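# Overview (structure and organization)
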Amino acid sequence: MIGGKGMDITAIVGLVTAIVGALLGWTGRSRQIRREERSDGSGEGALRQDVEYIKRGVDDIKVDMRIQNQRVDGISERVTRVEESAKQAHKRLDRLEE
């Protein structure tokens, strides 16, 4: 068996195994491609839904930013008035000290 026939059987088994493996790989890949083609429609819908969700989030952030900017502007005005008032108070104190 170690001579001619044993090697022939081993070679044939190896060749058949390689062919079967290639066929199984090819059929599995073609099934996967078909599944991906079928799922593309629902995938696009989910993607669009996600994009819409992100758009709404960005719009909410823009609204929040506008509100924050208004608050900062109001605080800035108040700080300016307080600084002017403090400046006047310092001038009055300086006159009192003289």
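Structure first, text after, so check above.
Overview of the structure.

## Comments concerning the overall build of the protein chain
The helix and strand inventory of the protein chain stands at 1 helix and 0 strands. With 98 residues in all, the protein chain has 1% of them scored as buried. In the form shown here, the protein chain has an accessible surface area of approximately 9300 Å², with 59% of it arising from carbon and sulfur atoms.

## Here's the deal with the pattern of salt bridges
Evaluation of the coordinates by the stated rule reveals 2 salt bridges. The salt bridge involving R81 is made with E77; its shortest N-O contact spans 3.7 Å. Of this pair, R81 and E77 both sit in helix α1 (residues 4-97), separated by 4 residues, roughly a single helical turn.

## Overview of a nonpolar patch on the surface
Together, I12, V16, V20 and L24 make up an exposed nonpolar region whose accessible area comes to about 370 Å². Mapped onto the elements, I12 comes out in helix α1. Assessed through its relative accessible area of 52%, I12 is described here as exposed.

Analysis parameters
Residues numbered from 1 in each chain as written. Predicted model: local features only at pLDDT ≥ 70, side-chain atom pairs only at ≥ 80, totals over all residues. Heavy atoms only, no water. Helix = DSSP H or I, 4+ residues; strand = E, 2+ residues; numbered from the N terminus. Buried < 20%, exposed > 50% of the residue type's maximum accessible area, 1.4 Å probe, protein only. Areas by Shrake-Rupley, 256 points an atom, 1.4 Å probe, with all protein chains shown as cover. Salt bridge = Lys/Arg side-chain N within 4 Å of Asp/Glu carboxyl O. Patch = residues over 30% accessible without salt bridge, like charges linked within 9 Å, V, L, I, M, F, W, Y side chains within 5 Å.

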